[in-house]
Amino acid sequence: MKFNRILGAGLFATASLLPMFAQAADDTIKVGVLHSLSGTMAISETTLKDTVLMMVDDINKKGGLLGKKVEAVVVDPASNWPLFAEKAQELLEKEKVAAVFGCWTSVSRKSVLPVFEKMNGLLFYPVQYEGEESSRNVFYTGAAPNQQAIPAVDYLMSKDGGDVKRWVLAGTDYVYPRTTNKILEAYLKSKGVKAEDIMINYTPFGHSDWQTIVADIKKFGAAGKKTAVVSTINGDANVPFYKELANQGIKADQIPVVAFSVGEEELAGIDTKNLVGHLAAWNYFQSVKNPENDAFIKQWQTFIKNPKRVTNDPMEATYIGFKMWTQAVSQAGTTNVDAVRQALYGQKVKNLTGGVAVMNTNHHLSKPVFIGEIQANGQLQTVWKTKDVIKADAWSPYIPESAKLTADWTYPWVCGNCTEPKFK
Amino acid sequence: MKMLKLVLALLALLSVVPAYADDDDFALRVKALNGESYSDKIAAAEALAALGDGRAAPVLEALADGRLGYGPDGSILIEDNGAYTDPVSGQVVQVAAFDAITVNNRLRGVARGAAARLALFSPDVEARRAAMESIMASGSDDAADMVRTAQAKETDPAIKALMAATLANLDLTSNDPARRLAAINTLGDSNDPQIRSRLQDLLASETDPAVRQAADKMLSGMDFRLGLIGFSANLFQGLSLGSVLLLAAIGLAVTFGVMGVINMAHGEMIMLGAYTAYAVQQFFRAVLPPDLIDFYLVAALPAAFAVTALVGIALERGVIRFLYGRPLETMLATWGISLMLQQVVRQIFGATNMEVANPAWMTGGWELAGGFTLTYNRVVIIFFCLAVLGGLAALLRYSSFGLSMRAVTQNRPMASAMGIPTGRVDALTFGLGSGIAGIAGVALSQIGNVSPNLGQGYIVDSFMVVVFGGVGSLWGTLVGALSLGLVNKFLEPYAGAMLGKILVLVFIILFIQKRPRGLFALKGRSVES
């Protein structure tokens, strides 16, 4: 602990000398925005690009950072995973950005990871994901499985959630749903759910014909035990899935569906009349009444010039990440990555939904968890929330090989996936 | 003295369950529904139901549907299509503001169950039937005594049978073997999967040989019927998937099949059609009276046809006609155009999904036996796609435009020599193919999402159908689409969605090796050249 403090102070001192040489000539601080503006992921990522631009605009109006103007460098990786790595390299090498805000899918994050690690860049990743990762160069501001999936399942098992005994885990066939379902399956079994009461189903990206699967879910749910669907279905496949559910007459009070990838933005594209009562688990809902949230929604709708635009969870994660970065930079007095990283640990930002988010030394946040029911107006109404913030696990304790690993980037661990500290 | 009065009043309340409780008590219990927590509200709903007051049923139903709320003064109101009624007096009232009481699934379940139990004694036959169906679907035994009482009074034979089945279902777990046997005999020809699982539970622990035999016999009969139902469900789902593939591919059967243009922007024509449907819907919502909204789809069809046909004609005249006979260049050019169209739509409408609502007549479905549901939107699409195909076939066969189109595709120089303006026919044919893709987009907006990427999901499938069915043959496209749909859906229950799709692709590759020209190969001069 003591050494840690000395190390921090040392870093702090060296780092604060740096700007005199490195950035004395510059009067702007550049931040990179690495979100797809075209291709399949543009549907979700464009919003986050606009959120970063709004935050940059806001901080410049308030006088900038360290007395300098902040400038956003926007690139378009076009939903093309290898292009993400190229664009990340361009941002770090050519544009020399101080930090990058970007990525949505796990595969894009995995693609840029080696670039950030090699060039010692700083990436803020704002989306809920499968966990099982902690990089020295990435700060994860979205939910880990224990901040979204596990509380959702706990809620459904409770009396208020309907005392669910039988589970359908339905997901799109890629890394996030596969890992999340692996964790959930292990968790459910640890709670005494039998293997025959769990049905796991994977579908291709953009799956549009849900007739057979919805009929199967209906059959599975007719076995006399209360059944729920845990959906990690991603993106475009959700609309036909919910339409088929509604048309086959599956009501939320018979078989509720809890989704981890459906938020306000996705619901805006669905006719929600027939989906009332289905659930979503997030760390943020637009409907939560709070002065911070009201101000944020107003700021967003003014910035985007559309009074009907909704806000969602990844936007809040981007907001928290950006705020934490600016606080850490002002505290460190520099944009040097090593100094900012040290300053980020323990950094606090008020959540838009109340409470305070804290950056932990495993590079993940402590955040509150909300379960909401879909309303006819496309909003999510909170039906349950955690009493306090929950600290994210980078490694799930429910997967045996991960349970052994620890992520802690401070002395004596200084490691993202170790079984014992690096310095003993 | 006061105390005594209170006790007496309470006793009076408890001893007789009045058909109509007094207004104050009723109003008080209705008011309690707007409680602080969900558990308060659940307690209030149960207390309201315990009154046995006929007026409570609509209140509880409204609560379950999220139509129960409160006005600015805190009075509880029922909302029904924009009109507000006071549940106590039953009078319509005007209010400045209305906030719905928030409900969760548990409260919704309690309210719906309680409403159903109350409605069992309603004078309205339909209300009783709905109540009985809801009790049956819930499968809970809370209502058993209520159902027994109601059964004695029931006059409608259909509802009586429903009640008997519900009670028999509960009797399956009775301690008395005779009652179990009677229950099995009553349930004899049921196709309810829920009863099947209860029957299996029963068989696992049954000791009485007579009951065992009856249960065994019933189970095997049920399995046979459920097998048949499963088969017809697969058949319907296969036809439905086939009709979706067919709709996406008909336009391509014209532009690629008949004209030989490899049009990679075909999917974007479908997407433009879907966006036209969205635009028409917004127009209807903004301008026309609300009761016309269910017909926006009908208006969207010609609009989508016109928009996409014009885009198609512009595309053909502006780009494709310079590239005839150079398939590789055509492919690259149209692919570039498809990317441009996507980005243009993204710029105009934004990258997010657009909400296109199903009209009321396309929402829901017929609940057939054994959990098999015929969904309205899919039934409509099956017939719609057959109508489009029939219309197109008739146009090609009987109209003079169809004649010149066939002439141009079969032998261009000869047709030109006969005085057919081949350039104009090309443009119109391409416009026709694009227009059909546009109306396909309107239909597909009803089952999927409307986003700039909509077309990409269909382009591969469309080419697959046309190549498999035989290039240039409408009949081949029909058979190709339906057989691919059926094969896919019959494979899916065994292989899963992922593997099923892979198997279908492998099958097509092998098939094309054997018959490179598809199922229905055209014969003639144009093919040989």
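Residues numbered from 1 in each chain as written. Chains lettered and ligands numbered in written order. Predicted model: local features only at pLDDT ≥ 70, side-chain atom pairs only at ≥ 80, totals over all residues. Heavy atoms only, no water.

1. A short note on the interface of chain A and chain B
Inference 1: Listed by partner, the interface residues are 50 residues for chain A and 49 residues for chain B.
Inference 2: For the pairing of chain A and chain B, the buried interface totals around 4000 Å² over both sides, and the portion due to carbon and sulfur atoms is 46%.
Inference 3: Between D209(A) and K489(B) there is a salt bridge, with the nearest N and O atoms lying 2.6 Å from each other.
Inference 4: For the side of chain A that touches chain B, the elements supplying multiple residues, two or more each, are α2 (42-61), β7 (198-203), α7 (211-221), α8 (238-247) and β15 (380-385) of chain A.
Inference 5: Looking at the side of chain A that touches chain B residue by residue, the class counts come to 20 nonpolar, 17 polar and 13 charged. (Contact = heavy atoms within 4.5 Å. Buried area = accessible area lost by both parts, 1.4 Å probe. Salt bridge = Lys/Arg side-chain N within 4 Å of Asp/Glu carboxyl O. Helix = DSSP H or I, 4+ residues; strand = E, 2+ residues; numbered from the N terminus. Nonpolar A, V, L, I, M, F, W, Y, C, P; charged D, E, K, R; others polar.)

2. Focus: the nonpolar core
Inference 1: L246(B), L247(B), I250(B), I270(B), L392(B), Y458(B) and L484(B) are the most contacted members of the largest nonpolar core, which totals 75 residues.
Inference 2: Residues L91(A), V97(A), V337(A) and Y345(A) belong to the second largest nonpolar core, which totals 65 residues. (Core = buried A, V, L, I, M, F, W, Y, C linked by side-chain atoms within 4.5 Å. Buried < 20%, exposed > 50% of the residue type's maximum accessible area, 1.4 Å probe, protein only.)

3. Structural notes on the sheet that holds strand β9 (residues 257-259) of chain A
Residues and elements named next belong to chain A.
Inference 1: Spatial ordering of the open sheet is given by β7-β6-β8-β9-β10-β14-β15, a layout of 7 strands whose pairing is mixed. Every interior strand has two partners, whereas the edge strands, β7 and β15, have only one. The mean angle between the axes of side-by-side strands here comes to 25 degrees, regardless of whether they run parallel or antiparallel.
Inference 2: Where β9 and strand β10 (residues 279-282) come together, 2 bridges link them in parallel fashion. Its bridge partner being in β10, V258 is matched across the sheet by L279.
Inference 3: Running at roughly 180 degrees to β7, helix α6 (residues 175-190) makes contact with β6 (166-172), β7 and β8 (227-232) of the sheet. (Pairing = 2+ DSSP bridges. Axes fitted to C-alpha atoms, helices over the stretch in contact; angles between N-to-C directions.)

4. Comments concerning the domain arrangement of chain B
Inference 1: Examined at the domain level, chain B breaks down into domain 1 (21-166) and domain 2 (233-467).
Inference 2: One C-alpha centre belongs to domain 1 of chain B, the other to domain 2 of chain B, and the line joining them spans 47 Å. (Domains from an automatic or database assignment.)

5. Let's talk about the packing of helix α19 (residues 456-469) of chain B against helix α20 (residues 474-514) of chain B
A pair of packed helices can be characterised by two numbers: the angle between their axes and the separation between those axes.
Residue and element names in this part refer to chain B.
Inference 1: Closest axis-to-axis distance for the α19/α20 pair is 4 Å, and the angle between their directions is 125 degrees. The pairing of α19 with α20 is recorded here as oblique in orientation. The crossing of α19 and α20 is right-handed. Contacts between α19 and α20 involve M464, V465, V467, F468 and G469 from the former and G476, T477, G480, A481, S483, L484, L505, F507, I508, F511 and I512 from the latter.
Inference 2: Residue composition of the contact of α19 with α20, grouped by class: 11 nonpolar, 5 polar and no charged. (Parallel < 35°, antiparallel > 145°, perpendicular 65-115°, else oblique. Left-handed = near helix turned anticlockwise from the far one by under 90°.)

6. Here we look at the pattern of salt bridges
Residues and elements named next belong to chain A.
Inference 1: As enumerated under the stated definition, the model contains 37 salt bridges over all chains in all.
Inference 2: Residues E292 and K350 are paired through a salt bridge, measuring 3.4 Å at the closest nitrogen-oxygen approach. Highlighted residues: E292 in helix α10 (residues 291-303) and K350 in strand β11 (residues 348-350), separated in sequence by 58 residues.
Inference 3: The residue R341 makes a salt bridge to D338 at a minimum N-O spacing of 3.1 Å.

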